[in-house]
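Here's the letter readout for the chains.
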Amino acid sequence: KKYSMLGILALFAVLGTSLSLDNGLGMKNVMGFSSWNAVGSDVTEDFMKAMTGYLISSGLAAKGYVHINVDEGWFLGRNNVTMEMIEDRTYFPSGMAGFGEWVHSQVVPGKGAVLKYGLYTSRGTCQCSQPQYLKRCIHTAPNPPSQCEGTHGFEVLDALWMVAAGADFIKEDSCCGSQDHATAFADYARMRDALNQTGKPVFFSLCGWNAWYAPPDPSVGYKGGYSLGNSWRIHGDGSSWNNLCGCANTMATLTQYTGPGGWNDPDLLIGPQVKVGGQSDLQARTQFSLWCLFPAPLVISQNMLSWSSYALETYSNDELIAINQQWAGKPGIRLHGGNLTFPCKDDACYNVWGRPLTQGYALVFVNNANDNSTVTCNAHCFSGLNLSADKHYTVYDLWSHTTVGTVTGNAPSLALSVQGGGGCRAVRLDG
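Residues numbered from 1 in each chain as written. Predicted model: local features only at pLDDT ≥ 70, side-chain atom pairs only at ≥ 80, totals over all residues. Heavy atoms only, no water.

## Quick notes on the overall build of the protein
Short version of the rule: Each helix corresponds to a stretch of at least 4 residues labelled H or I by DSSP, and each strand to a stretch of at least 2 residues labelled E; elements are numbered beginning at the N terminus. As defined in this context, the radius of gyration uses C-alpha atoms, and a globule is described by 2.2 Å times the residue total to the power 0.38. Exposure is judged per residue with a 1.4 Å probe applied to protein chains only, and the accessible area is read against the type maximum: over 50% gives exposed, under 20% gives buried, and values in between give partly exposed. In this description, contact between two residues means that some pair of their heavy atoms is separated by no more than 4.5 Å. Methods summary: accessible areas were calculated by the Shrake-Rupley approach with a probe of 1.4 Å, and residue burial reflects only the protein chains presented. Charge convention: Lys and Arg are scored as positive, Asp and Glu as negative, and His as well as the terminal groups of each chain are ignored. Taken as the charge centre is NZ of Lys, CZ of Arg, CG of Asp or CD of Glu, depending on the residue.
Helix and strand counts for the protein come out as 12 helices and 18 strands. Computed over its C-alpha atoms, the radius of gyration of the protein comes to 22 Å, within 12% of the 22 Å expected for a compact globule of 431 residues. Along the three orthogonal principal directions, the C-alpha set of the protein runs to about 70 × 50 × 40 Å. Out of the 431 residues belonging to the protein, those deemed buried represent 57%. Long-range contacts, defined as pairs at least 24 residues apart, comprise 73% of the intrachain contacts of the protein with a sequence gap of at least 6. Total accessible area computed for the protein in this model is approximately 16,000 Å², and 54% of it derives from carbon and sulfur atoms. Within the protein, the 33 negative side-chain charges are centred at a point lying 3 Å from the centre of the 27 positive side-chain charges.

## Let's talk about the state of the cysteines
The line we're drawing: Two cysteine sulfurs form a disulfide in these notes if their separation is within 2.5 Å.
Summed over the entire model, instances satisfying the criterion amount to five disulfides. A sulfur-sulfur distance of 2.1 Å marks the disulfide that ties Cys344 to Cys349. Its S-S torsion of approximately 100° makes the covalent link between Cys344 and Cys349 right-handed. Given the relative accessible area of 6%, Cys349 is considered buried.

## Quick look at the side chain of Ser205
The condition that has to hold: Definition of a polar contact: a pair of N or O atoms within 3.5 Å, with one able to donate and the other able to accept a hydrogen when the atoms are protein atoms, and with sequence-neighbouring residues admitted only if both atoms are side-chain atoms.
Note on placement: Ser205 falls in strand β7 (residues 203-206). The class of Ser205 is buried, set by a relative accessible area of 5%. Side-chain polar atoms of Ser205 contact the side chain of Ser231, separated by 3.4 Å. With residues near it in sequence (within four places) discarded, Ser205 still touches Phe169, Ile170, Lys171, Glu172, Ser231 and Asp265.

## Re the pairing of strand β17 (residues 414-418)
Heads up, the rule is: At least two DSSP bridges between two strands are required for those strands to pair.
Burial along β17 is one-sided: the face carrying Leu414, Leu416 and Val418 is buried and the face carrying Ala415 and Ser417 is not. Note that strand β14 (residues 373-377) and β17 share five bridges and pair antiparallel. Across the sheet, the residue bridging to Ser373 is Val418, located in β17.

## A few points about the packing of aromatic side chains
Just so we agree on the cut-off: Whether two aromatic rings pair depends on their centres lying within 6.5 Å, for rings of Phe, Tyr and Trp, where Trp uses its six-membered ring; planes under 30 degrees apart make the pair stacked, over 60 edge-to-face, and the rest tilted.
For the structure on display, the rule yields 21 aromatic pairs. Measuring from centroid to centroid gives 6.2 Å for Phe33 and Phe47, while their planes differ by 50°, and the two rings are tilted. Pair noted here: Phe33 is in strand β1 (residues 31-34) and Phe47 is in helix α3 (residues 45-57), with a separation of 14 residues, a long-range link. There is no split in this pair, since Phe33 and Phe47 are both buried. Taking the centre distance of 5.2 Å and the plane angle of 5° together, the rings of Phe169 and Phe203 count as stacked. You can see Phe169 sitting in strand β6 (residues 169-173) and its partner Phe203 sitting in strand β7, a full 34 residues away along the chain.

## Comments concerning the sheet that holds β7
This is how it is decided: In this description, a line fitted to the C-alpha atoms serves as the axis of each element, helices being fitted only across the stretch in contact, and the angle between N-to-C directions of two axes falls anywhere from 0 to 180 degrees.
Taken in spatial order, the eight strands line up as β9-β8-β7-β6-β5-β2-β1-β10 in an open sheet, and their pairing is parallel. Across the chains shown, the open sheet's two edge strands, defined by having one partner strand only, are β9 (263-265) and β10 (298-300). Across the sheet, the mean angle from the axis of one strand to that of its neighbour is 25°, orientation sign disregarded. Both β1 and β10 contribute to a ladder of three bridges, which runs parallel. Looking at the pairing, Gly32 lines up with Val299 of β10. Against the sheet, helix α4 (residues 95-105) contacts β2 (67-69) and β5 (116-122), and its axis sits at roughly 150° relative to β5.

## Comments concerning the nonpolar core
Formally: The set of buried Ala, Val, Leu, Ile, Met, Phe, Trp, Tyr and Cys residues whose side-chain atoms join them within 4.5 Å is what this entry labels a nonpolar core.
Ranked by internal contacts, the top residues of the largest apolar core, which has 97 residues, are Tyr65, Val70, Trp74 and Phe288. Element by element, the count of residues in this core is highest for helix α7 (residues 181-198), at seven residues. Filtering out sequence-adjacent residues up to four positions away, Trp74 remains in contact with Met85, Ile86, Glu87, Asp88, Phe92, Met96, Leu119, Tyr120, Trp161 and Met162. Of all hydrophobic cores here, the second largest spans 19 residues; its members include Cys377, Cys381, Phe382 and Leu414.

## Notes on the pattern of salt bridges
What counts here: The salt bridge criterion pairs a side-chain nitrogen of Lys or Arg with a carboxyl oxygen of Asp or Glu, the two atoms within 4 Å.
Applying the stated rule across the entire model yields 18 salt bridges. Salt-bridge contacts for Glu45 lead to Lys49; the nearest nitrogen and oxygen are separated by 3.1 Å. Of the two residues, Glu45 and Lys49 are both situated in helix α3; the distance of four residues between them amounts to about one turn of the helix. Taking relative accessible area as the criterion, Glu45 reaches 4% and is therefore assigned buried. Residue class for Lys49 comes out partly exposed when judged on its relative accessible area of 27%. Because the salt bridges share partners, they merge into one network encompassing Arg123, Glu155, Asp187 and Arg190.

## Overview of the pairing of β1
Where burial is concerned, the two faces of β1 agree: the one with Met31 and Phe33 and the one with Gly32 and Ser34 are both buried. Sheet topology places β1 next to β2; three bridges connect them, and they run parallel. Of the residues in β2, the one forming a bridge with Gly32 is His67.

Everything listed here is a matter of geometry and, on its own, says nothing about what the molecule does.
Dropping the structure here:
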């Protein structure tokens, strides 16, 4: 579908600042797949179809992983007459609309045609532009001579183009964009308003890499992340376990700003089968456990065709997925330990996180030390959860699927042996 420039100008005329994202989406955290860490900017239609097929055949799509998100690499530049986006027809022979139609046509057994389609751009004057992407994007006017074109100044046109291509989800990065707070908020607000004006509910994922997107900033009239998007990145790229520990540390400071409709986003779910970054399968399981507890978006970014059976088991855990998808009014908080690092020393080696559920509580114990260690949540640690003093709780291990002890509400203490090197124990208190 093409939009005339007259239509675009008419839309500009009615487009105001809505000050909120009015789409009714994000009541639960999104689940799905993103191409970024898996292949970087070398994303192709064949690869995305293979990943989509795997999500369906493995049963992951039926568990809720329904978002199929194409990250950087599909957008080559602008038409020098219409200023519309030009897609890479070599990498996506069907075009982005054609691929979107294919995604929407796929049937998940027992669920139907439930898959959602995601596209990517950047709010700045350029994309993030990996070297291989720079070689194939367009560098003639009106496109940048040494970068790949961004969306700055073309928010309405690009929102219309991506929605016409079938996008249900749009991630907008922050490359080549001003890091001045007011300017960044205004950039994202233009895309928010453009998406609102399309009339189609589109999940809007901000990728600004900074904690300051989450809280309100009265000095510039900013009401907080929820006023701009359905999720907002709160830290730099989580391309390693140490970086992802930094994402978790930032999450610990922002828990009051997340909830249904708008979520803190600590980045994608990665493992060893990636092109950008990487971490061990053990660390990936710990990341997944924490992201379920926070709760945070569950978007896998790995080559799933080459990962291990251990990895499939990690992301298939129904009990942890259920914890991620429920909201009992409070987010996960750090109950014990300091800012995690890897490698680590002293207080940076061990954490305990917890969250109340609709029934019971969830806890995740983390060990970044080299060796297996006993990590303890004592009465002071448990005080952050306000257990009922008159109750006895059964401790259920969410990975072994066995009962491993009990905790009394009036004098709670729980000590668990946790594998070193970034391992975890995830448990649920039932009672």
